[in-house]
Amino acid sequence: MCHRTLYYETESLEVRAYISFSTMEKGNSRAAPSAGIIVIGNEILKGRTQDTNSRFIAQKLNKLGVQVKKISVIGDELAAISKEVRQFSEMYTHVITSGGIGPTHDDVTFEGVADAFNDRLAPHPELVSFIGAYFKTEDLASPPMKMAHVVPFLTLVLQIPASAHLVYAEDRASGYKSKFPVVCVNNVTVLPGVPDLLEKSFGRLAKQLFGDHGNEAYEDVYLSVDEVTVAAALNNTASAFPSVVIGSYPQLMHSYYKTHLTFESADPAAVQAARKHFMDQIDPGFEVRSFVTDSVQESWPRIQRLLHERPTLQANVSQSLQVLRECLQQYKLEEICICFNGGKDCLVALHLFYAILHGGQLEGTDAESFPNKLQAVYIREENAFPQINKFVHETINRYNLDCIILDGPMKDALHELLSRRPGIKAVIMGTRDSDPYSQSLSSFQRTDKDWPVFMRVHPILHWDYRTVWDFIRGLYLPYCSLYDRGYSSLGNASNTVQNPLLLTKDRLGAPTYKPAYLLDDSNQERNGRT
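On a predicted model such as this, the values are computed, not experimentally measured, just so you know.

### Some details on the nonpolar core
Counting 69 residues, the largest nonpolar core has V317, L352, F353, F471 and I472 as its most contacted members. Take this core: its biggest share by element is 11 residues, from helix α12 (residues 344–358).

Below, the structure written as C-alpha cells:
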C-alpha cells in the first residue's frame, strides 16, 4: 500500500470551537474557494498507520486561502471511493485524494475516480512512457503499468470539455520541471499516500493548482489559562466584531499553553481591533508572549534574542558554543555524531549544535555547505519509557537527523555504532558535571581504554539544572512529556519514578505532580532515580 508510518511533530489533540463565523454566503465572489480531502487506505481505518497527509494538505491550503470544509477517511473499496469522490466533487471547489494509487490489488483509487464520473480506465501515453523507462518494462499488464492507467474523462452533460490531465511542477525562473506528474480529473487532484512523496509533490504544486487566495489577516494568541477563564471576554469580543472569525483551541496537555486563539478576517484593522478588545479584558499575564510553533526555524537568531532577554544565560551558552566550534575545527562534520537519548540535557546540546551549523556562525561556511542531515545515535535502554521513544522519533524528524537506533547497554551500542559508522571520531553528549561519575570530566574526553575509541564532547558540562530549563523554556523547545508529569531526571521505567518533591494537589484535592522545571532544589534533580 501507499501509506506508511511517519513520525512528526505533533501537539496534544485540539478541540476546535468556533466562537463566531464569517458572514460570507455561497456564491459571493469574495468567498474563499473550498476543498474536501479524502484519505484512502484500510491501514488508516485499522489504526496501523497514522495519517499525516490530511494535516499537511490542510495546512498548505489554509496558507493559500483555500477553506478545507471536510476531511474523510475511507477504505480501499471501489464503491466507497466512487461515492465519496462524486459527492465531494459536487460540493467543493477542489477535491484532493491521498492514497491507493500504487501497483497492488487494493490500490483502486484511479478506478474509483473513473467510476465516480461514469468512465473507464485507459493507459495514459505519458505515464506509460515514463513508467516503462523507469521500471524497464513495456508490459501493460505488469504491476508498475497499473499506475499508468488513468481516467480520460467523459464529456459532461453540459458539453464542458474536462479531460484528465497531467500537471508537472514548474518553476519558470529556474527552468525546473518535475519528472513525474500529478493526475487531475475535473476538480479532483489524485495524490500518493506515502507522506514523503505527497509532501514533495503537493508542496511544489499547491500554488500552481489552487492559486493563492491568502489575503485574510490572521493573528494567534496563546494563553496560559483554560478557555473557561476567558470565555466571557471571548463572547464579548465575538459579539463586538461579527466580521472576525475567532477560533478557540483548548490544549489539555501542552507544555507551554492551555488555550490557542485565532483571529481571522479580510479586514486587517478589524483583526487588530478585536485582538486588542479581547486582551484589554483579561490579565496581561495570561498571554504566552513570543510563543513559536516551530522552534527549529531561525534557531540562531532566537538564541541571540534569548541571551539579550536573559543575560544570566550568556556565559554558559558562550562557553558551549566555543566547545562546539572547537569540535568542528578538529573534526569534519561527517566525523561527528550527536548522542540523543530524549532527555533535557542532550536536547540542549542538539539544539545548540543545530543552531551553530544553520546560523552561518562558522567562519567561511554557511548552512548550504553542510549535509542535509546530522548524524545521531539513540541508545535505547531496556524497558524504555514509550514517551521517550515517541519524543526521540519526533525529534529525529524535527531536526532532520540521520539517526541510528541501537539497543543498550552503552558500551555495546558504541561498538555497534563504530561498526556501522567507522568514520565517526567524535560524539557530542549532553553530560553535565552533576551527573554520576562526571565531576572530573573535561569538555573533550577520550573514552576509556576498554571502550570503543571516540572523543566525547561535552558542550554543556558546566550547566546547572536551572540553566537547562531556562534555555529550553525560553526558546519554547518541545521536550519529553514525562517532565511535565513530575519526572525531573529520566532513566528507564525500571529505575525512574516521579520526584516526590514535585508532589502536590490539584484543585479538587487529588494528588498530582508539578512539572520538572518547578523543582525548587536543583540538587534534588535525581531524587526520582532508584
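### As for the sheet that holds strand β11 (residues 188–191)
In space, the 6 strands of this open sheet follow the order β3-β2-β4-β11-β10-β7, with mixed pairing throughout. In this open sheet, the two strands that pair with only one neighbour each are β3 (67–74) and β7 (165–167). Within the sheet, the average angular offset between the axes of one strand and its neighbour, ignoring direction, is 25 degrees. Bridge count between strand β4 (residues 94–98) and β11: 4 bridges; the pairing is parallel. Its bridge partner lying in β11, I96 is registered against T189. This element, helix α3 (residues 78–91), spans β2 (34–40), β3, β4 and β11 of the sheet and lies at about 170 degrees to β2. This element, helix α4 (residues 109–116), spans β2, β4, β10 (182–185) and β11 of the sheet and lies at about 170 degrees to β11.

### A look at the sheet that holds strand β15 (residues 336–339)
What the 6 strands build is an open sheet, ordered β17-β16-β15-β18-β20-β19; its pairing is mixed. Edge positions in the sheet fall to β17 (401–407) and β19 (444–446), since each of these pairs with one other strand and no more. Strand-to-strand twist of the sheet, defined as the mean angle between neighbouring strand axes without regard to direction, takes the value 30 degrees. Packed on one face of the sheet, helix α14 (residues 410–420) meets β15, β16 (374–380) and β17 and runs near 135 degrees to β17.

### Observations concerning the packing of α3 against α4
Relative orientation of the contacting elements α3 and α4 amounts to 55 degrees, with a least axis distance of 8 Å. With respect to α4, the element α3 is oriented oblique. In this structure, α3 meets α4 at a crossing whose hand is right-handed. Along the contact surface, α3 presents L78, I81, S82, V85 and R86, while α4 presents T109, E111, G112, V113, D115 and A116.

### Section: empty space enclosed by the protein
Using the criterion set out here, one finds 2 cavities of 30 Å³ or more in the structure. By volume, the largest cavity amounts to about 40 Å³. For the largest cavity, the full set of lining residues is C339, L414, V427, M429, T447, F454 and R456. Grouping the amino acids of the lining of the largest cavity by side-chain chemistry returns 5 nonpolar, 1 polar and 1 charged. Split into classes, the residues belonging to the lining of the second largest cavity amount to 5 nonpolar, 4 polar and no charged.

### Details of the packing of α12 against helix α15 (residues 465–474)
Their axes nearest at 10 Å, the elements α12 and α15 cross at an angle of 55 degrees. By the criterion of interaxial angle, the relationship of α12 to α15 is oblique. For the crossing formed where α12 meets α15, the hand is left-handed. Every residue of α15 that contacts α12 at K344, D345, L347, V348, H351 and L352 is listed here: Y465, V468, W469, F471 and I472. Partitioned by chemical class, the residues of the contact of α12 with α15 number 8 nonpolar, 1 polar and 2 charged.

### Here we look at the pattern of salt bridges
This model, assessed by the stated rule, comprises 15 salt bridges. Residue K276 is joined to D280 by a salt bridge in which the shortest nitrogen-to-oxygen separation is 2.8 Å. Overall, the relative accessible area of 55% leaves D280 in the exposed class. For R432, the salt bridge goes to D345, with nearest N and O atoms at 3.2 Å. Of the two residues, R432 is situated in the loop between β18 (426–428) and β19 and D345 in helix α12; the sequence distance between them amounts to 87 residues. Each member of the pair R432 and D345 is classed as buried.

### What to know about helix α8 (residues 231–240)
Within the span of α8, buried status applies to A233, L234, T237 and A238. Take α8 and look down its axis: the buried residues cluster within an arc of 130 degrees, on one side only. Across from the buried face of α8, at angles greater than 90 degrees, the exposed residues are A232 and S239. In this fold, the buried residues of α8 make contact with β13 (245–250), β14 (259–265) and α9 (268–279).

### Description of the pairing of β4
For a regular strand, the rule is simple: side chains alternate between the two faces of the sheet. β4 sits mainly inside the fold: 5 of its 5 residues count as buried. Alternating positions in β4 separate into two faces, H94, I96 and S98 on one and V95 and T97 on the other, with burial throughout. In this sheet, β4 lies alongside β2 in parallel orientation, the contact comprising 5 bridges. Looking across to β4, one finds that G36 is bridged to V95.

Rules and cut-offs
Residues numbered from 1 in each chain as written. Predicted model: local features only at pLDDT ≥ 70, side-chain atom pairs only at ≥ 80, totals over all residues. Heavy atoms only, no water. Core = buried A, V, L, I, M, F, W, Y, C linked by side-chain atoms within 4.5 Å. Buried < 20%, exposed > 50% of the residue type's maximum accessible area, 1.4 Å probe, protein only. Helix = DSSP H or I, 4+ residues; strand = E, 2+ residues; numbered from the N terminus. Pairing = 2+ DSSP bridges. Axes fitted to C-alpha atoms, helices over the stretch in contact; angles between N-to-C directions. Contact = heavy atoms within 4.5 Å. Parallel < 35°, antiparallel > 145°, perpendicular 65-115°, else oblique. Left-handed = near helix turned anticlockwise from the far one by under 90°. 1 Å grid on protein atoms, 1.4 Å probe; cavity = no way out; pocket = protein on both sides within 12 Å on 5 of 7 lines; lining within 4 Å. Points joined across faces, edges and corners; volume = space filled by probe spheres on them. Nonpolar A, V, L, I, M, F, W, Y, C, P; charged D, E, K, R; others polar. Salt bridge = Lys/Arg side-chain N within 4 Å of Asp/Glu carboxyl O. Arc of directions from axis to C-beta.

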